[in-house]
Amino acid sequence: MAPYQNLEEYNINVTNEVKDRFSKIIDEIGEDVNREGLQKTPERAAKAMLFLTQGYRQDAEEILKSAMFKEDYDDMVIIKDIEVYSLCEHHMLPFFGKAHIAYIPNGHIVGLSKIPRIVDVFARRLQVQERLTHDILECINDTLKPQGVAVVIEASHMCMMMRGVQKQNSVTTTSGFRGQFEKIETRNEFLKLISSDLS
Ligand SMILES: Nc1nc2c(ncn2[C@@H]2O[C@H](COP(=O)(O)OP(=O)(O)OP(=O)(O)O)[C@@H](O)[C@H]2O)c(=O)[nH]1
Ligand SMILES: [Zn+2]
C-alpha cells in the first residue's frame, strides 16, 4: 500500500482504488455499471467495505487503556449479548451473532463501553470466529491484566447459509478462558449467568 500523509488522504485514495475494483467486478459479472441504479454503487460498496474493515486502522489496546480506573471490586463483571458483525476471511461474507465477555478485575476496572468497542475493532477485519474470540480475549488479558477473562461468541455464517452447505439454523460457538476462568467453578458460574434471563 502506498504511503499516505494523513488519514484523510489515505481514505480518499483507498476509497477510489477499491471503487475502481468494485466497478470491474460489477462489469465482470455481466452487469451494466453505467445504468442508473448502479452508477454510484462502486463508491457506496467501497465506503461500506472500508467501514467494515476499519478495525485494521484502530488500536484496541489504546481504547481499553483510555478508560481504566483503579477500583477494588474483585468479583465477576459480565457484559453479555454484545452484537457482533464480522466478515469471514474465506468468502468475505458476513458472520454475525453475539459475544458474551467477562473479567475479574485485579485492581482496575474498565469503562463498560470499551468492551463492545474492542469487539468491533477486531470484528471489523477479515476474520475467522476462532481468531476473533482469541483476539478479544488476549487484548483484555494483556491490557487490563485481570484475574481472569472469558469470551464466548455465538454466530451464524452467511457463507454456510446463502451458499455452500446452505444450512440456515446452525450456530457456531467459540470460547476462550484465561486465569480464574480456567477453574471449572468460575467458568460454570459465568456460563450459567450468560444463559440466564434475569429480566
Ligand atoms: N473454522 C472456521 N471456518 C470458517 C469460518 N468461516 C468460514 N469457515 C469455513 O471455511 C471453510 C473454507 O473451506 P474451503 O473448502 O476452502 O471453501 P469452500 O469450497 O467455499 O467450502 P464450502 O463452504 O464447504 O463450500 C469452509 O468450511 C467454511 O465453512 C470460521 O470463522 N471459522
Ligand atoms: Zn466464509
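Definitions and limits used
- Residues numbered from 1 in each chain as written.
- Chains lettered and ligands numbered in written order.
- Predicted model: local features only at pLDDT ≥ 70, side-chain atom pairs only at ≥ 80, totals over all residues.
- UniProt positions renumbered as here; feature names shortened; annotations may be inferred.
- Helix = DSSP H or I, 4+ residues; strand = E, 2+ residues; numbered from the N terminus.
- Buried ≥ 20, exposed ≤ 12 C-beta atoms within 10 Å, placed from the backbone.
- Near = placed C-beta within 6 Å.
- Nonpolar A, V, L, I, M, F, W, Y, C, P; charged D, E, K, R; others polar.
- Core = buried A, V, L, I, M, F, W, Y, C linked by C-beta atoms within 7 Å.
- Contact = placed C-beta atoms within 7 Å.
- Pairing = 2+ DSSP bridges.
- Axes fitted to C-alpha atoms, helices over the stretch in contact; angles between N-to-C directions.
- Parallel < 35°, antiparallel > 145°, perpendicular 65-115°, else oblique.
- Left-handed = near helix turned anticlockwise from the far one by under 90°.
- Domains from an automatic or database assignment.

Where an unreviewed UniProt entry is consulted, the protein appears under the name GTP cyclohydrolase 1, with the organism given as Flagellimonas pacifica. Quoted verbatim from the Sequence similarities (unreviewed entry) heading of the UniProt record, the comment on the protein is "Belongs to the GTP cyclohydrolase I family." In its Subunit (unreviewed entry) section, the UniProt record describing the protein reads: "Homopolymer."

As for the overall build of the protein
When helices and strands are counted, the protein shows 7 helices and 7 strands. Ordered by position from the N terminus, the helices and strands of the protein form the series α-α-α-β-β-β-β-α-β-α-β-α-β-α. Here the C-alpha coordinates of the protein stretch approximately 60 × 45 × 30 Å along the principal axes. The proportion of buried residues among the 199 residues of the protein is 24%.

Examining the site of ligand 1
Inspection of the region around ligand 1 gives Cys 88, His 90, Val 128, Gln 129, Glu 130, His 157, Cys 159, Met 160, Gly 164 and Val 165 as its neighbouring residues. Secondary-structure elements contributing two or more residues to the shell around ligand 1 are α5 (129-144) and α6 (158-161). In the shell around ligand 1, the residues fall into 5 nonpolar, 4 polar and 1 charged.

Things to note about the nonpolar core
In this structure, Ile 118, Val 119, Phe 122, Ile 136, Ala 150 and Val 151 are the most contacted members of the largest nonpolar core, which totals 30 residues. In this structure Phe 122 touches Gly 55, Ala 60, Leu 132, Asp 135 and Ile 136, once residues within four positions along its chain are discounted.

Some thoughts on the environment of Thr 186
Take Thr 186: it is sitting in helix α7 (residues 184-195). Considered as a pair, Thr 186 and Lys 167 are 19 residues apart in the sequence and their alpha carbons are 34 Å apart. Not counting the four nearest positions on each side in its chain, Thr 186 is found in contact with Gly 148, Gln 180 and Phe 181.

A word on the sheet that holds strand β2 (residues 77-88)
As summarised here, the arrangement of the 5 strands in space is β5-β2-β3-β6-β7, forming an open sheet in which the pairing is mixed. Each edge of the open sheet carries a strand with a single partner, namely β5 (126-127) and β7 (172-179). In terms of strand pairing, strand β6 (residues 148-157) meets β7 through 8 bridges, oriented antiparallel. Of the residues in β7, the one forming a bridge with Ala 155 is Thr 172.

Digging into the packing of helix α4 (residues 114-123) against α5
Two numbers describe how α4 lies on α5: the axes approach to 9 Å, and their chain directions differ by 135°. Classed by the angle they form, the pair α4 and α5 counts as oblique. As for how α4 packs across α5, the hand of that crossing is right-handed. Residues Ile 118, Val 119, Phe 122 and Ala 123 of α4 lie in contact with α5, whose contacting residues are Leu 132, Asp 135, Ile 136 and Cys 139.

A look at the domain arrangement of the protein
Domain boundaries assigned for the protein yield domain 1 (7-52) and domain 2 (67-195). Put simply, the middle of domain 1 and the middle of domain 2, counted by C-alpha atoms, are 32 Å apart.

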